[in-house]
Amino acid sequence: MKTGDQWLNCPLVATIDLSAIAHNYAVAQRCAPGRQVFAVVKANAYGHGAREVVTALHDVADGFAVASLEEAAEVRALHGEARILLLQGCFAAQDYLFAAQLGLDVVLHTEVQAQQLLAAQLARPLNVWLKLDSGMHRLGFSAEALREWHARLNGAAQVAELNLLSHFACADERGSEVTELQLERFLDLLDLDFAQRSLANSAAILTIPAAHMDWLRPGIMLYGATPFADLSAAELGVRPAMSLTAQLIACRDIASGEGVGYGGTWRAERASRIGTVSCGYADGYPRHAPSGTPVLINGQRVPLVGRVSMDMLTVDLTDMPSAREGDAVELWGAQLPVDEVAQAAGTIGYELLSKVTARVPRRYRHG
Ligand SMILES: *Cc1c(COP(=O)(O)O)cnc(C)c1O
């Protein structure tokens, strides 16, 4: 049931605080006054719901960035004017027609993409972002190839703005030499005439002013998680947008020496009280989260114990005798940073947030 108070009885729900996302967007803007912002809403807005996030940022965001044409079409349906940046560009020649129809900004990172664009008969020219492989070695032209394509695309009928873009590999490691080199390689190309430049992801927005350029591309910070291992979201001044909350659906006492969950991998070293929580890996909770990963019950931290199951997980309540069936559980969110859970599970907040599955209902709040 998804109406009114019945949400309270939902055994598992992801509550999304849209005012936190608006706040975090403002934080990105404050880091780089006067620059424009593509709010990155790929992967269903990192699991938060692209439709609701785009709507919440409708009147403030200068643009949105997405990974695929399908995502771009969804954003365009919600926003007629915003610039929409297609981060990986088109995957086939006919995609340029659709991109022109939608009025997208397209990235070009391969020769094939550039040739397909120049061969296309477009209803209107596209804003083009030439992507430089400045050192991440995932996508992009070498500096030499980029110079050649700049010359060929400049003034072409299919091209409106000709822009420059690159992406950092290590911006989350402060003082990284790779980042310095990437910035240098980007700056080296600025003798060419570009209408707009874009380089900064969240980590660079927060810590590398020299990389801000014309357009920022914040992703993770909008959702209130940190790109850094050693700087928390709270320290960065961003507010968590998603709280994944569940219920304690069963409690039992077990004797010392008994195992818990599949494989009995965790064994009680004392007489213990075990709680079962209505969230599992099919909801997006990481199956590899080890015993000891923090879980919040009624605002108090208890350790996860045993293997995470598909629909449930278990916690040790021995040191929390007040816990009862029906108690509220937070897997991550406003009171337990997703980054802490991610660190315990050997991953990053990005993965946990974007992997919350479709069966988890999203409930939206505006403050
Ligand atoms: C996903 C993505 C971003 C956003 O990165 P965050 O670390 O989440 O801020 C920016 N630029 C590109 C090219 C991306 O793919």
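The rules behind the values
- Residues numbered from 1 in each chain as written.
- Predicted model: local features only at pLDDT ≥ 70, side-chain atom pairs only at ≥ 80, totals over all residues.
- Heavy atoms only, no water.
- Buried < 20%, exposed > 50% of the residue type's maximum accessible area, 1.4 Å probe, protein only.
- Helix = DSSP H or I, 4+ residues; strand = E, 2+ residues; numbered from the N terminus.
- Arc of directions from axis to C-beta.
- Contact = heavy atoms within 4.5 Å.
- Domains from an automatic or database assignment.
- Near = heavy atom within 4 Å.
- Polar contact = N/O pair within 3.5 Å; in protein donor to acceptor, adjacent residues only side chain to side chain.
- Nonpolar A, V, L, I, M, F, W, Y, C, P; charged D, E, K, R; others polar.
- Axes fitted to C-alpha atoms, helices over the stretch in contact; angles between N-to-C directions.
- Parallel < 35°, antiparallel > 145°, perpendicular 65-115°, else oblique.
- Left-handed = near helix turned anticlockwise from the far one by under 90°.

(A) Expanded view of helix H5 (residues 95-102). Burial in H5 covers these residues: Asp95, Tyr96, Ala99, Ala100 and Leu102. The buried residues of H5 occupy an angular sector of 165° when the element is viewed end-on, so they sit on one face. Contact partners of the buried residues in H5: helix H4 (69-78), strand S5 (105-108), helix H6 (111-119) and strand S6 (126-132). Immediately beyond the C-terminal end of H5, within one or two residues, lies Gly103, with a positive phi of roughly 70°.

(B) Local environment of the domain arrangement of the chain. Taken domain by domain, the chain comprises domain 1 (18-226) and domain 2 (242-336). On a C-alpha basis, the centres of domain 1 and domain 2 stand 41 Å from each other.

(C) Examining the site of the ligand more closely. Near the ligand the following residues occur: Val40, Lys42, Tyr46, Leu87, His167, Asn201, Ser202, Arg217, Pro218, Gly219, Ile220 and Tyr350. Between the ligand and Tyr46 there is a distance of 2.6 Å, counted from an oxygen atom to a side-chain nitrogen or oxygen. At 2.8 Å, a backbone N or O of Ile220 approaches an oxygen atom of the ligand. Of the residues contributing to the shell around the ligand, the split by class is six nonpolar, four polar and two charged.

(D) Region of interest: the packing of H4 against H5. One can describe the packing of H4 onto H5 by two numbers: an axis separation of 10 Å at closest approach and a directional angle of 15°. When the axes of H4 and H5 are compared, the pair comes out roughly parallel. For the pair H4 and H5, the sense of crossing is left-handed. Residues Leu69, Ala72, Ala73 and Arg76 of H4 lie in contact with H5, whose contacting residues are Asp95, Phe98, Ala99 and Leu102. Along the lines of polarity and charge, the residues of the contact of H4 with H5 split into six nonpolar, no polar and two charged.

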